Amino acid sequence: MSDKAISILILDDEPIVTKRLKPALEKKGYVVETFTDSNSALERIKEQRFDIVITDLKMEGVSGMEFLEEVKNQWPDTEVIVITGFATMETAKESFKKGVFDFLAKPFKLGEIIEIVGKAVEHLKEKK
């Protein structure tokens, strides 16, 4: 993997989540874009490949699960991390079946998501 900064797209309908995650991840040197509606995020991933996508599952319009599928169809190498307040064994299983890198139940600590993003970055580097 080149020295190019890792790009991350965050999709969550709760603005507090994106407002907390963006500066924390930017501080680590990542380039971060945030979206609170899935249609705008969907348009964005059609224009640009992101190294990592962090998505909530419960979204209005296009659900997080549909968004996850679209990301993986378009960019199979993108690592997707699912965050959800409605974690069940079924949603976790379905997410992993669709190729997510990790699955995190809300509420989570900032350190937990940063650690998972770090692992995803290492995984991306190993694939190169």
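The numbering scheme is per chain: residues are counted from 1 as the chain's sequence reads. Selection of residues for local features in this predicted model requires a pLDDT of at least 70, selection of side-chain atom pairs for listing and counting requires 80 or more, and totals for whole chains, interfaces and linings are taken over all residues. To get the side-chain values, all heavy atoms of the structure are used, and hydrogens and water are removed first.

Named according to an unreviewed UniProt entry, the chain is Response regulator receiver protein originating from Dissulfuribacter thermophilus.

Novice: Tell me what's going on with the pattern of salt bridges, and back it up with residues and numbers.
Specialist: Once their charged atoms are close, side chains differing in charge can pair, the charge on each being opposite to the other. For salt bridges, the criterion is a side-chain nitrogen of Lys or Arg within 4 Å of an Asp or Glu carboxyl oxygen. Applying the stated criterion to the full structure yields twelve salt bridges. A salt bridge links D12 to K106; its shortest N-O distance comes to 2.7 Å. Within this pair, whereas D12 is found in the loop between strand 1 (7-11) and helix 1 (15-27), its partner K106 is found in the loop between strand 5 (102-105) and helix 5 (110-127), the two being separated by 94 residues in sequence. No difference in accessibility class separates D12 from K106, as the two residues are buried. In this structure, E79 and K127 form a salt bridge, with 3.0 Å as the shortest nitrogen-oxygen distance. Residue E79 is located in strand 4 (residues 79-84), and its partner K127 is located in helix 5; the two are separated by 48 residues in the primary sequence. In this scheme, a residue with accessible area under 20% of its type's maximum is buried, one over 50% is exposed, and one in between is partly exposed, where area comes from a 1.4 Å probe on protein chains only. What makes E79 buried here is its relative accessible area of 4%. Judged by its relative accessible area of 43%, K127 is partly exposed. Through salt bridges with shared partners, a single ionic network connects D12, E14, D56 and K106. Counting from the N terminus, the helices are DSSP H or I runs at least four residues long and the strands are E runs at least two residues long.

Novice: Any chance you could break down the sheet that holds strand 5 for me, citing the residues and the numbers?
Specialist: Strands pair, by our definition, only if DSSP identifies at least two bridges between them. Reading across the sheet, the five strands line up as 2-1-3-4-5 and stay open at both edges, with parallel pairing between neighbours. Among the strands making up the open sheet, the edge pair consists of strand 2 (31-35) and strand 5. Between one strand and the next, the sheet's axes are offset by a mean angle of 15°, whatever the strand orientation. The sheet contact formed by strand 3 (residues 52-56) and strand 4 spans five bridges and is parallel. Note that in strand 4 the partner of I54 across the bridge is I81. Here, residues are in contact when the closest pair of their heavy atoms is within 4.5 Å. Fitting a line to C-alpha atoms yields each axis, with helices limited to the stretch in contact; the angle taken between N-to-C directions then spans 0 to 180 degrees. Where helix 3 (residues 64-74) meets the sheet, its contacts fall on strand 1, strand 3 and strand 4, and the angle it forms with strand 3 comes to roughly 165°.

Novice: Now, about the packing of aromatic side chains: what can you tell me, with residues and values included?
Specialist: Note on ring pairs: Phe, Tyr and Trp rings are taken, using the six-membered ring of Trp, and paired if centres are within 6.5 Å. Classes follow the plane angle, with under 30 degrees stacked, over 60 edge-to-face and the rest tilted. As enumerated under the stated definition, the model contains one aromatic pair in all. Geometrically, the ring pair formed by F96 and F103 is tilted, given 6.5 Å between the ring centres and 45° between the ring planes. Over the aromatic face of F86 sits the side chain of K58, whose NZ or CZ is 5.3 Å from the ring centroid. Charge over a ring is defined by NZ of Lys or CZ of Arg lying within 6 Å of the ring centre and within 35 degrees of the ring normal.

Novice: Describe in detail the UniProt feature "domain: Response regulatory" (unreviewed entry) in the chain, supporting the description with residues and values.
Specialist: UniProt positions are given in the numbering used here, feature names are shortened, and annotations may be inferred rather than shown by experiment. According to UniProt, the feature "domain: Response regulatory" (unreviewed entry) maps to residues 7-121 in the numbering used here. Strand forms 22% of residues 7-121 and helix 48%; the C-alpha atoms that close the span are 10 Å apart.

Novice: Report on the side chain of D56, specifying residues and quantitative values.
Specialist: Topologically, D56 is positioned in strand 3. A residue is classified by how much of its surface remains accessible, and D56, at 3% relative accessible area, is buried. We define a polar contact as two N or O atoms separated by no more than 3.5 Å, with the added condition that, inside protein, one atom must be a possible hydrogen donor and the other a possible acceptor, whereas residues neighbouring each other in sequence contribute only through side-chain atom pairs. Separated by 3.3 Å, the side chains of D56 and K106 make a polar contact. Beyond its immediate chain neighbours, meaning those up to four positions away, D56 contacts L11, D12, D13, G64, I83, T84, G85 and K106.

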